[in-house]
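# Fold and contact review
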Amino acid sequence: MRPFEWADATSVEQAVSLTVKGSAFKAGGVDLVDLMKERLFEPSRIINLNTMPDWNFIKDDASAGLKIGPLVTLAQLSEHDAIRKRYTALAQAAGHAATPQIRNMATLGGNLLQRPRCWYFRHEEFHCRKKGGERCFAQDGENQYHAIFNNSLCAIVHPSATATPLIAMGATLDISGKAKRTVPAEEFFTLPSVDLHRENQLEPGELITQINVPAPSANARSFYIKQGEKESFDWPVAEIAAVLEMDGDTCKKASIVLGAAAPVPRRAKEAEAALTGQKIDEKTTRAAAEAALKEATPLANNGYKVPLLRVVIARAILAAARGEGAA
Ligand SMILES: Cc1cc2nc3c(=O)[nH]c(=O)nc-3n(C[C@H](O)[C@H](O)[C@H](O)COP(=O)(O)OP(=O)(O)OC[C@H]3O[C@@H](n4cnc5c(N)ncnc54)[C@H](O)[C@@H]3O)c2cc1C
């Protein structure tokens, strides 16, 4: 391993000023250390964010909504009473990711910014298009875990479980670098057609300083499902977060986001339109699932994701409408 410098961050300004070419921020370190072990990234300096004072907070206000510090761990999110009750899908997503040990280390900021798990991208011997090469090896290779949407340039799926409910809930991210800005989570993640070499619009030297989730309306309910091959120590093969605003049995507004399906968490606007103004029952949820999958372009080995998602989408919408899961 290449030697690197170590610096503890004590303020946003100092962390930003410590940034040099080839430096990396480290939160829980789960993904960063994997990338270093895989020799995909050899930082010249690691800027440790765990020493940031006051970056581990969850503030919930009935009207202002939720403010979350970037060092809050997935375990904290999944166990927080108000999040379980009013932002159910977020607690469920955090609670189903990875393993209990990893959830105790992994932070929300790092979870949103982890790199894709495509095995060609992660293998030092495959110089794929994402790493500056000329091919996406997944196109004609082992593509069973890859994208079924927007997969023609690069077939990664976005790995962040928490991004899916955060987008469905209309969250925004506060970002600080040389300047400050707030970006809707839905616009933060970028497709390979925008930039092949990264998955979001964070610039070098910029930090996520806070995650904001608007307060849900009194009749809003949400539900998240991760479908994996194993219950623990695994990434999903299909994910969905559904947020519904209900009026009795009728859906007034729907927000549906698919994970593990595309290079970014995919907002299923066709499904949302199919649900709005409709009574939520098995027929309408099936129609919404069909609509969500209309534009799917599966590869040779991941066609199974289409019928799988059809079931998982319908289940999550029904569960959200019934208010299941809100502890
Ligand atoms: C076996 C296994 C199974 C897994 N399963 C899942 C799963 O099912 N779902 C899922 O979502 N994830 C899964 N993961 C991934 C894991 O959740 C992530 O690696 C973890 O959330 C990353 O968080 P971290 O705090 O360790 O990030 P780090 O590794 O510290 O950082 C990740 C990236 O974010 C940057 N960064 C971190 N915080 C900030 C910040 N505030 N501002 C700017 N940059 C920042 C770092 O520079 C780095 O580039 C799994 C991992 C393993 C090993």
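Computed from a predicted model, the values in this text were never measured in an experiment. (Residues numbered from 1 in each chain as written. Predicted model: local features only at pLDDT ≥ 70, side-chain atom pairs only at ≥ 80, totals over all residues. Heavy atoms only, no water.)

### Brief notes about the overall build of the protein
When helices and strands are counted, the protein shows 13 helices and twelve strands. For 327 residues, the compact-globule estimate of 2.2 N^0.38 gives 20 Å, and the C-alpha radius of gyration of the protein, at 19 Å, lies within 12% of that figure. Classification of the 327 residues of the protein by burial places 53% in the buried group. For the protein, the proportion of contacts with a sequence separation of at least 24, taken over those separated by at least 6, is 63%. Accessible surface, the protein: about 14700 Å² in total, of which carbon and sulfur atoms supply 51%. The positive charge centre, built from 39 side chains, and the negative charge centre, built from 38, are 1 Å apart in the protein. (Helix = DSSP H or I, 4+ residues; strand = E, 2+ residues; numbered from the N terminus. Rg over C-alpha atoms; globule rule 2.2 N^0.38 Å. Buried < 20%, exposed > 50% of the residue type's maximum accessible area, 1.4 Å probe, protein only. Contact = heavy atoms within 4.5 Å. Areas by Shrake-Rupley, 256 points an atom, 1.4 Å probe, with all protein chains shown as cover. Lys, Arg positive; Asp, Glu negative; His and termini not counted. Charge placed at Lys NZ, Arg CZ, Asp CG, Glu CD.)

### Side note on the site of the ligand
In the vicinity of the ligand lie 34 residues, with F25, A27, G29, V30 and T107 positioned nearest. Between W235 and the ligand, the recorded distance is 3.5 Å, taken from a side-chain N or O atom to a nitrogen atom. A total of 990 Å² of accessible area belongs to the ligand in isolation, and the protein chains cover 94% of it. Taken together, the elements giving at least two residues each to the shell around the ligand come down to β2 (23–26), α2 (30–37), α7 (108–113) and β8 (207–213). (Near = heavy atom within 4 Å. Polar contact = N/O pair within 3.5 Å; in protein donor to acceptor, adjacent residues only side chain to side chain.)

### Things to note about unusual backbone geometry
Although it is not a glycine, F233 adopts a positive phi angle of roughly 55 degrees. One can find F233 in the loop between β9 (220–228) and β10 (236–247). Its relative accessible area of 60% is what places F233 among the exposed residues.

### Considerations on the packing of aromatic side chains
Tallying each qualifying case throughout the model produces five aromatic pairs. Summarising the aromatic geometry, the rings of Y120 and F126 are spaced 5.0 Å apart at their centres and angled 75 degrees between planes, so their arrangement reads as edge-to-face. The class of Y120 is buried, set by a relative accessible area of 10%. Judged by relative accessible area, F126 falls into the partly exposed class, the value being 29%. With centroids separated by 5.1 Å and ring planes inclined at 75 degrees, the aromatic side chains of F126 and F137 adopt a geometry described as edge-to-face. (Phe/Tyr/Trp six-rings, centres within 6.5 Å; stacked < 30°, edge-to-face > 60°.)

### A few points about a nonpolar patch on the surface
Taken together, M1, F4 and W6 make up a surface patch of nonpolar side chains, about 370 Å² in accessible area. Counting through the fold element by element, F4 comes out in the segment before β1 (5–8). (Patch = residues over 30% accessible without salt bridge, like charges linked within 9 Å, V, L, I, M, F, W, Y side chains within 5 Å. Salt bridge = Lys/Arg side-chain N within 4 Å of Asp/Glu carboxyl O.)

### Focus: the sheet that holds β9
Spatial ordering of the open sheet is given by β9-β10-β11-β12, a layout of four strands whose pairing is antiparallel. At either margin of the open sheet sits one strand with a lone partner, and together these are β9 and β12 (266–267). Pairing of β10 with strand β11 (residues 250–259) involves nine bridges; the strand directions are antiparallel. From the neighbouring strand, A241 faces β11, where its bridge partner is V257. Against the sheet, helix α13 (residues 305–321) makes contact with β9, β10 and β11, and its axis sits at roughly 30 degrees relative to β10, the strand it touches most. (Pairing = 2+ DSSP bridges. Axes fitted to C-alpha atoms, helices over the stretch in contact; angles between N-to-C directions.)

### As for the domain arrangement of the protein
We note that the domain assignment places domain 1 (1–53) and domain 2 (220–321) within the protein. The centre of domain 1, based on its C-alpha atoms, is set 36 Å off from the matching centre of domain 2. (Domains from an automatic or database assignment.)

### Here we look at helix α12 (residues 282–293)
Between the first and last C-alpha of α12 there are 17 Å, a value that for twelve residues agrees with the 16 Å anticipated at 1.5 Å per step. Tucked inside the fold, the buried residues of α12 contact α11 (269–275) and α13. (Expected span 1.5 Å × (residues − 1).)

### Quick word on empty space enclosed by the protein
Evaluated as defined, the whole model comprises two cavities of 30 Å³ or more. There is about 80 Å³ of room inside the largest cavity. Along the lines of polarity and charge, the residues of the lining of the largest cavity split into ten nonpolar, one polar and two charged. As a volume, the second largest cavity reaches approximately 30 Å³. Forming the walls of the second largest cavity are M1, R2, F4, M36, F41, E42 and P43. Along the lines of polarity and charge, the residues of the lining of the second largest cavity split into five nonpolar, no polar and two charged. (1 Å grid on protein atoms, 1.4 Å probe; cavity = no way out; pocket = protein on both sides within 12 Å on 5 of 7 lines; lining within 4 Å. Points joined across faces, edges and corners; volume = space filled by probe spheres on them. Nonpolar A, V, L, I, M, F, W, Y, C, P; charged D, E, K, R; others polar.)

### Concerning α13
Within an α-helix, residues lying three or four positions from one another point in the same direction, as the helix has 3.6 residues per turn. In this model α13 runs 24 Å from its N-terminal to its C-terminal C-alpha over 17 residues, within 8% of the 24 Å that 1.5 Å per residue would give. Extensive coverage of α13 is indicated by the burial of twelve of its 17 residues. Residues K305, V306, L309, V312, I313, A314, A316, I317, L318, A319, A320 and A321 constitute the buried set of α13. Summarising the contacts, the buried residues of α13 are in contact with β9, β10, β11, α11 and α12.

### Quick look at the layout of surface pockets
Leftover empty space is mapped by rolling, across the atoms, a probe with the size of a water molecule. Taken as a whole, the second largest pocket holds about 540 Å³ of empty space. P216, S217, A220, R221 and V243 are the residues nearest the centre of the second largest pocket, which is lined by 28 residues in total. The residue makeup of the lining of the second largest pocket, split by class, is 13 nonpolar, seven polar and eight charged.

### Considerations on the packing of α12 against α13
Where α12 contacts α13, the two axes come as close as 8 Å, and the packing angle between them is 135 degrees. As summarised for this structure, α12 and α13 are arranged oblique, according to the angle between their axes. Relative to α13, α12 is oriented so that their crossing is right-handed. Facing α12, whose interface residues are E282, T285, A288, A289, E290, A292 and L293, α13 presents V306, L309, R310, I313, A314, I317 and L318. (Parallel < 35°, antiparallel > 145°, perpendicular 65-115°, else oblique. Left-handed = near helix turned anticlockwise from the far one by under 90°.)

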